[in-house]
Amino acid sequence: GDSVTQTEGLVTLTEGLPVMLNCTYQTIYSNPFLFWYVQHLNESPRLLLKSFTDNKRTEHQGFHATLHKSSSSFHLQKSSAQLSDSALYYCALNNYAQGLTFGLGTRVSVFP
Amino acid sequence: NSKVIQTPRYLVKGQGQKAKMRCIPEKGHPVVFWYQQNKNNEFKFLINFQNQEVLQQIDMTEKRFSAECPSNSPCSLEIQSSEAGDSALYLCASSYRVDTQYFGPGTRLLVL
C-alpha cells in the first residue's frame, strides 16, 4: 500500500531562521496528489499546500514545496519561521478520492 | 476555511456503550471521509462515502464501527460497543471528487 515518511519527529528553531520538513512517499500510482496539512493545538488539520504537478513549486502563506516524482519527495520549506508556525505538520498522499495516507507528522516549535 | 460541521465536539462514554457522532459535509462535496487520530497524533482512515455509497472501509470499521451517509441527513459514525482504545479524535472530511479533503473540527471521544 501507500506510505509517507517524515523523517523528523520534532524540529526546534529560533524565530527568523529557515525551516525544512522532509517528506518522501511510496505509491504504485503514477499521479498521486501530495498535501501538507498543519494542525495547531486543539484544532483539526488545515490544508497548507497541495500539488500533483511534477517539478512545479507551490506556495502559500510563506511556505513552499515542490513535488519531485523522480525522488518521490515533497519537502516543505519556509525561509523565515514565525512563532505562530509552531504546530504539527503532516505530509499526506491521496489517490483518486481514496483515504489520505498520512505521515507520522513533524512537530515544529519556534522560539523567540 | 473548512465548512464541515461535526457534532458533538466532545463525547464521554463508558466501556460497552454506543458512541455516535455526526458530520455535515461542505455543500457540494459528495465524498465524505472518517479518520481516527489517536493520542500519539497518528491518523487512521476508517471509511469513505460517495453520496450514500461506501467507497472504501478498513477491516476495523466492519466489526464494531458502522457508518452511513443518508440522503438529506447528516453522515454518522457509530461505535457499537466502545472500548478504551477507541478514545481518540474522530475527524470527518469532505471533498469534491479527487480534490482536497477539508476537515471538520472533530469529535473527541473519551471512553472511561
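Please refer to the structure placed before this passage.
Read on for an overview of the structure. Remember, it's a predicted structure, so these values are computed and weren't measured experimentally.

**Some points on the overall build of chain B**
- Within chain B, the secondary structure is distributed over one helix and eleven strands.
- Its C-alpha radius of gyration of 13 Å places chain B within 12% of the 13 Å reference for a compact globule of 112 residues.
- The buried share of chain B, taken over its 112 residues, is 44%.
- Counted over contacts in chain B with a minimum sequence separation of 6, partners at least 24 positions apart contribute 52%.

**Let's talk about the packing of aromatic side chains**
- Evaluated as defined, the whole model comprises 15 aromatic pairs over all chains.
- Here a set of aromatic residues connected by ring pairs shows up, and it is made of Phe33, Phe35, Tyr37, Phe52, Tyr90 and Phe102 of chain A together with Phe33, Tyr35, Phe43, Phe45 and Phe103 of chain B.

**Describing the nonpolar core**
- Counting 24 residues, the largest nonpolar core has Leu21, Trp36, Leu48, Leu76 and Tyr89 of chain A as the members making the most contacts within it.
- Listing elements by their share of this core, those giving two or more residues are strand 2 (10-14), strand 3 (19-21), strand 5 (33-39), strand 6 (46-51), strand 8 (63-66), strand 10 (87-94) and strand 12 (106-111) of chain A.
- Take this core: its biggest share by element is four residues, from strand 10 of chain A.
- If you look at the next biggest cluster of nonpolar residues, it comprises 20 residues, including Met21, Val32, Phe49 and Ile79 of chain B.

**Some thoughts on the sheet that holds strand 3 (residues 19-24) of chain B**
Residues and elements named next belong to chain B.
- The strand order 1-3-8-7 describes an open sheet built from four strands, whose pairing is antiparallel. The sheet is open, and its two borders are formed by strand 1 (5-7) and strand 7 (65-68), each paired with just one other strand. Across the sheet, the mean angle from the axis of one strand to that of its neighbour is 15°, orientation sign disregarded.

**So, the interface of chain A and chain B**
- On the side of chain B, 21 residues touch chain A, which itself brings 19 residues to the contact.
- Surface buried jointly by chain A and chain B totals about 1600 Å² across both partners, of which 57% is contributed by carbon and sulfur atoms.
- For the pair chain A and chain B, the interface holds zero salt bridges.
- At the surface where chain A touches chain B, the tally comes to eight residue pairs in polar contact (both at pLDDT 80 or more).
- Among the elements of the structure, strand 5, strand 6 and strand 10 of chain A are those that each provide at least two residues to the side of chain A that touches chain B.
- The element contributing the most residues to the side of chain A that touches chain B is strand 5 of chain A, with four residues.

What counts, and at which threshold
Residue numbers run consecutively from 1 along every chain, following the written order of its sequence. Each chain is given a letter, starting from A, and each ligand a number, starting from 1, according to the order in which they appear as written. Local features in this predicted model are restricted to residues of pLDDT 70 or higher, and side-chain atom pairs are both shown and tallied only at a pLDDT of 80 or more, whereas totals for entire chains, interfaces and linings draw on every residue. The basis for the side-chain values is all heavy atoms of the structure; hydrogens and waters are excluded. Each helix is a run of H or I in the DSSP string that is no shorter than four residues. Each strand is a run of E no shorter than two, and both are numbered from the N terminus. We take the radius of gyration over the C-alpha atoms and set the globule estimate at 2.2 Å times the residue count to the 0.38 power. The buried label goes to any residue with under 20% of its type's maximum accessible area, the exposed label to any with over 50%, and the partly exposed label to all in between, with areas taken from a 1.4 Å probe on protein chains only. Only heavy atoms enter the contact rule, under which two residues are in contact if any of them lie within 4.5 Å. Each pair of aromatic rings taken from Phe, Tyr and Trp, with Trp reduced to its six-membered ring, is defined by centres within 6.5 Å and is described as stacked if the planes are under 30 degrees apart, edge-to-face if over 60, and tilted in the remaining cases. The term nonpolar core refers to a set of buried residues drawn from Ala, Val, Leu, Ile, Met, Phe, Trp, Tyr and Cys, joined through side-chain atoms within 4.5 Å. At least two DSSP bridges between two strands are needed for those strands to be called paired. Note on geometry: axes are lines fitted to C-alpha atoms, helical ones only across the stretch in contact, with angles between N-to-C directions running from 0 to 180 degrees. We define buried area as the total accessible area lost by two parts upon association, computed with a 1.4 Å probe and summed across both. By definition here, a salt bridge exists when the distance from a side-chain nitrogen of Lys or Arg to a carboxyl oxygen of Asp or Glu is within 4 Å. Polar contacts here mean pairs of N or O atoms no more than 3.5 Å apart (in protein, one a potential hydrogen donor and the other a potential acceptor; neighbouring residues in sequence count only if both atoms are side-chain atoms).

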